[in-house]
Amino acid sequence: MAAVTLPYGSWPSPIGAGLAASLDGRPEYVGTVGPEVWWTEPRPQEGGRRALVRRPADGGPQTTVLPAPWNVRSRVTEYGGSPWAGTGRPAGGPLVVFVHFADQRLYAYEPDAPGAPGPRPLTPVSAVGGGLRWADPVLRGTEVWCVLEEFTGPAPTDVRRVLAAVPLDGTAAQDRSAVRELTDDRHRFTTGPRISPDGRRAAWLVWDHPRMPWDGTELRLAEITADGNLAGPRTLIGGPDEAIAQVEWTAGGTLLAVSDRSGWWNPYRVDPTTGDAVNLCPREEEFGGPLWKPGLRWFAPLPDGLVAVLHGQGSSVLGILDPESGDLVDAAGPWTAWQPTLAVNGTRVYGVAASPRSAYEVVELDTASGHARVVGAQGVHPVDPAYYPEPQSRTFLGPDDREIHAHVYPPHHPAVRAAADELPPYVVWAHGGPTDHVPPVLDLHIAYFTSRGIGVVEVNYGGSSGYGRAYRERLREQWGVVDVEDCAAVARALAAEGTADPRRLAIRGGSAGGWTAAASLAATDLYACAAIIYPVLDLLGFAEETHDLESRYVESLAGPAQTLAVRGRERSPVARADRITAPFVLLQGLDDPVCPPAQAERFLAALRGRSVPHAYVAFEGEGHGFRRADTMIRALEAELSLYAQVFGLDRPDVPRLDLDLDLNLDLDF
């Protein structure tokens, strides 16, 4: 049957906003409890909670461990971290400890115990949004060792973090003094402890302001005394210019770490006495990544001495490393991107992986047979995969001929095409972070647009992770310059080669990507419109108003405090609002502690009285990153309506977004 010819952007699509929202998010924090594999899983249609899920060893179907409203998610440093740990027991079944999002208390739960009593609290009640928080737990005897974050005042930076031991008997649930603090708070940030197989040593990572964990961290080591304290803590490796992403012990007691001392995150064997470090696989590839949350795992030692590793440039694949020979063999399978959440049980490795044709799912690799299969959170294809886009990973040249990595998603529909003489509209997606990256995997939010005839290009601009330390540091003191230039260079290249319509280019991004989108409107007239989502809009305001983890981030991104006011006037969208003429939609969560709505309100105030068509859509109960299905539906449809109005597209299938004109000018889109 011949394809129907329709203008780009007006194509019908079975991928609705509701479908994209219902399948948003991915499994996280995979672990093993005895022979079972467990993980957390998003539930957008249940208020955005994270459910704890288990899959039995006999291969039976996965089941939800805790019903709603239990929400297994930590708020340590606001971004959270590993929120649970568990152990299998010969009698009584599994024991799991977890953080409940609503009150941030630690709970213990025995799901298979007779009568199935509910979770019992292990830590005291604290003020909502403050007080005590916990992350990255490890079970040790009669205690849980973990990160304790304690707020000491009203400001986001009035906080201390230590390693702590929480008794499993529940005595600390009513008595804060029953929590034993294992370290002092001289270091601002810490990951949870990793305990040696013989129980005699603990290793963990720390870092301090103004560094972020990808700038410089330290690997700390201490002896565990007979009474369960940490003695003689010292730094083995690391410092201001060396970022260590993960530390683990092998079953034989060898200490392994991932460090970027070579310019790339590579795996090292570290002598616990001397601190001497040997690179086990020297490659210009990343075996680690930015440590945004404690508990991320890019590698996991196997009992036989081999090590499961994630590695690559840009995207990560799963491989098995022989640390003695340096040989590295990749797992077979269709998955092209893996998340840093590896777990091991015997010869089996578990992780979360995706491909351009499949969303993130829990995958098991049997290293004995080499066979890999999906064991959990398996994506079902709610529509014909023929509607999915085919990403093209490309390298573009920017200013000074610097390389820019990007993934191009052309418009794609199995039964519709556009006229041969029409060029498609394209939207540049700037990722958040900005020290992060995007891999080319199935994302129904992208397919929502490409199946309607709107192209998408995701740009891993200078400053992105995945391409070595030098590429990350291109953004040092250049935020609002390099990211803006790189996104513009990719957009111009697509237009110049005849891939995109130069008159119908847009830019969108969330968080740091929202900054890039808004800054791009102020810096260039390249884009016809923008979608700006829970953004940073004011450098000075961000430094003063954001959470503790990122309160000094702008110093590396834009410059030290003494120059920040000048850089803010030069780059902040709030200060350059008079340069913005293109329409935009601004989407903001009202409970966002990272990019508070006050920034959005100042930005809109700076635009007041000017004829800039715009819409401000704020969401009660949403924080940094939308999690509720109804929010995501409204956000996607608002974004599409903006493009339809600006690009001249026929989209009667979405509610019309009311674009406010302060001067009530009669503009015809």
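This section reports on the structure supplied with the text. Here the residue index of a chain counts from 1 through its sequence in written order. Residue-level local features of this predicted model are given only where pLDDT is at least 70; pairs of side-chain atoms are given and counted only at 80 or more, and the full residue set underlies all totals for whole chains, interfaces and linings. Water and hydrogen atoms play no part in the side-chain values, which are based on all heavy atoms of the structure.

1. A look at helix 8 (residues 561-571)
Structural remark: α-helix, 3.6 residues per turn; residues separated by three or four positions point the same way. When helix 8 is considered as a whole, its buried residues turn out to be Leu564, Arg567, Gly568 and Arg571. Relative to the axis of helix 8, the buried residues are bounded by an arc of 110 degrees and lie together on one face. Set apart from the buried face of helix 8 by more than 90 degrees, the exposed residues are Gln562 and Arg569. In this structure, the buried side of helix 8 is in contact with helix 5 (512-523), helix 6 (539-545) and helix 7 (553-558). Exposure classes here rest on a 1.4 Å probe applied to the protein chains alone. A residue is buried below 20% of its type maximum, exposed above 50%, and partly exposed in between. Strands are runs of DSSP state E lasting at least two residues, helices are runs of H or I lasting at least four, and both sets are numbered from the N terminus onward. This arc describes the spread of directions from the helix axis toward the C-beta atoms. The contact criterion used is simple: two residues touch if any of their non-hydrogen atoms lie within 4.5 Å.

2. Quick notes on the sheet that holds strand 33 (residues 403-409)
Strands are labelled as partners when DSSP assigns at least two bridges between them. The strand order 32-33-36-35-37-38-39-40 describes an open sheet built from 8 strands, whose pairing is mixed. What marks the edges here is a single partner per strand, and that holds for strand 32 (392-397) and strand 40 (614-619). Taken over all neighbouring pairs, the strand axes of this sheet differ in orientation by 20 degrees on average, direction set aside. As paired strands, strand 38 (residues 529-533) and strand 39 (residues 584-589) are joined by 4 bridges and run parallel to one another. For helices, the fitted line uses only the C-alpha atoms of the stretch in contact; every axis is such a line through C-alpha atoms, and the angle between N-to-C directions lies from 0 to 180 degrees.

3. What to know about the packing of helix 4 (residues 482-496) against helix 5
Across the interface, helix 4 lies against helix 5 with an axial gap of 9 Å and an inter-helix angle of 75 degrees. Put simply, helix 4 runs roughly perpendicular to helix 5. Along its contact with helix 4, which presents Asp483, Val484 and Cys487, the element helix 5 presents Trp515, Thr516, Ala519, Ser520 and Ala523. Throughout this entry, Asp, Glu, Lys and Arg are counted as charged residues, while Ala, Val, Leu, Ile, Met, Phe, Trp, Tyr, Cys and Pro are counted as nonpolar. The remaining residues, Gly among them, count as polar. Its residues assigned to classes, the contact of helix 4 with helix 5 shows 5 nonpolar, 2 polar and 1 charged. Any angle that falls under 35 degrees is termed roughly parallel, while one over 145 is termed roughly antiparallel, one within 65 to 115 roughly perpendicular, and all others oblique.

4. Points about the pairing of strand 17 (residues 218-224)
Among the 7 residues that make up strand 17, 6 are buried, leaving the element largely enclosed by the rest of the structure. Of the pairings in the sheet, the one linking strand 16 (residues 201-207) to strand 17 comprises 6 bridges and is antiparallel in character. Residue pairing in the sheet places Trp204 in a bridge with Arg220 of strand 17. In this sheet, strand 18 (residues 230-238) lies alongside strand 17 in antiparallel orientation, the contact comprising 6 bridges. By the bridge assignment, Glu223 is partnered in strand 18 with Ala231. Linking strand 17 to strand 18, which pair antiparallel, is a turn of 5 residues; within it Gly228 sits at a positive phi near 80 degrees.

5. Thoughts on unusual backbone geometry
In the segment running from Ala68 into Pro69, the intervening peptide bond is cis, with an omega of 10 degrees. Looking at where Pro69 falls in the secondary structure, it is placed in the loop between strand 5 (63-64) and strand 6 (84-87). The omega torsion across His209 and Pro210 is 5 degrees, close enough to zero to call that bond cis. Within the secondary structure, Pro210 sits in the loop between strand 16 and strand 17. Even without glycine at this site, Glu78 takes up a positive phi of about 70 degrees. Here Glu78 is to be found in the loop between strand 5 and strand 6. What makes Glu78 buried here is its relative accessible area of 14%. Despite not being glycine, Ala377 shows a phi value in the positive range, around 55 degrees. Along the chain, Ala377 turns up in the loop between strand 31 (371-376) and strand 32.

6. Points about the sheet that holds strand 24 (residues 307-311)
The antiparallel open sheet is built from 4 strands, whose spatial order is 23-24-25-26. Where the open sheet ends on each side, the last strands, each with one partner, are strand 23 (299-301) and strand 26 (328-330). Taking each pair of neighbouring strands and ignoring which way they run, the sheet shows an average axis angle of 25 degrees.

7. A look at helix 9 (residues 597-607)
All of the buried residues in helix 9 are Pro597, Gln599, Ala600, Phe603, Leu604 and Leu607. One side of helix 9 carries all its buried residues, which in axial view fall inside an arc of 155 degrees. The elements touched by buried residues of helix 9 are helix 6, strand 39 and strand 40. Residue Gly609 follows helix 9 closely and has a positive phi angle near 90 degrees.

8. Describing the nonpolar core
Generally speaking, soluble globular proteins have nonpolar side chains that are buried together. Ranked by internal contacts, the top residues of the largest apolar core, which has 106 residues, are Leu219, Tyr527 and Phe584. With 8 residues, helix 4 is the single largest residue contributor to this core. What Leu219 contacts, discounting residues up to four positions off in sequence, is Ala203, Trp204, Leu205, Arg234, Thr235, Leu236, Ile237, Ile244, Val247, Leu255 and Ala257. What makes a nonpolar core is a set of buried Ala, Val, Leu, Ile, Met, Phe, Trp, Tyr and Cys residues whose side-chain atoms join them at distances within 4.5 Å.

9. Considering the side chain of Asp548
Inspection of the secondary structure puts Asp548 in the loop between helix 6 and helix 7. The class for Asp548 is buried, based on a relative accessible area of 3%. Within 3.5 Å is the distance limit for a polar contact, defined as a pair of N or O atoms, with the added protein rule that one can donate a hydrogen and the other accept it, and that residues adjacent in sequence qualify only through two side-chain atoms. A polar contact of 2.9 Å, which involves the side chain of Asp548, links it to the side chain of Arg161. Not counting the four nearest positions on each side in its chain, Asp548 is found in contact with Pro156, Thr157, Val159, Arg161, Arg188, Phe189 and His209.

10. Comments concerning the packing of aromatic side chains
Each Phe, Tyr or Trp ring, with Trp reduced to its six-membered ring, pairs with another whose centre is within 6.5 Å; inter-plane angles below 30 degrees give stacked pairs, above 60 give edge-to-face pairs, and intermediate values give tilted ones. Per the counting criterion, the structure on display carries 20 aromatic pairs. Here the aromatic rings of Tyr467 and Tyr471 are separated by 5.0 Å at their centres, their planes lie at 55 degrees, and the arrangement is tilted. Grouping residues by exposure puts Tyr467 and Tyr471 together as buried. For the pair Tyr534 and Phe626, a centre-to-centre distance of 5.0 Å together with 85 degrees between the ring planes defines the contact as edge-to-face.

11. Details of the pattern of salt bridges
Within this document, salt bridges are pairs made up of a side-chain nitrogen of Lys or Arg and a carboxyl oxygen of Asp or Glu, the two lying within 4 Å of each other. One pass over the structure, following the stated rule, counts 50 salt bridges. One continuous salt-bridge network, built from bridges that share partners, spans Arg75, Glu78, Arg133, Glu149, Arg161, Arg188 and Asp548.

12. Let's talk about the environment of Gly253
Tracing the backbone through its elements, the reader meets Gly253 in the loop between strand 19 (244-249) and strand 20 (255-259). Among the residues examined, Gly253 registers a relative accessible area of 32% and is labelled partly exposed. Distance in space between the C-alpha atoms of Gly253 and Asp650 is 64 Å, their sequence separation being 397 residues.

13. Remarks on the pairing of strand 20
In terms of residue burial, strand 20 counts as a mostly covered element, since 5 of its 5 residues are buried. Residues Leu255, Ala257 and Ser259 point to one face of strand 20 and Leu256 and Val258 to the other, with burial holding for every one of them. Pairing analysis gives 5 bridges linking strand 19 to strand 20, with the strands arranged antiparallel. Among the inter-strand pairings, Trp249 is bridged to a residue of strand 20, identified as Leu255. Connecting the antiparallel pair strand 19 and strand 20 is a turn made up of 5 residues, with Gly253 showing a positive phi of about 90 degrees. By the bridge criterion, 5 bridges tie strand 20 to strand 21 (residues 266-270) in an arrangement that is antiparallel. Bridge pairing in strand 21 links Leu256 to Arg269.

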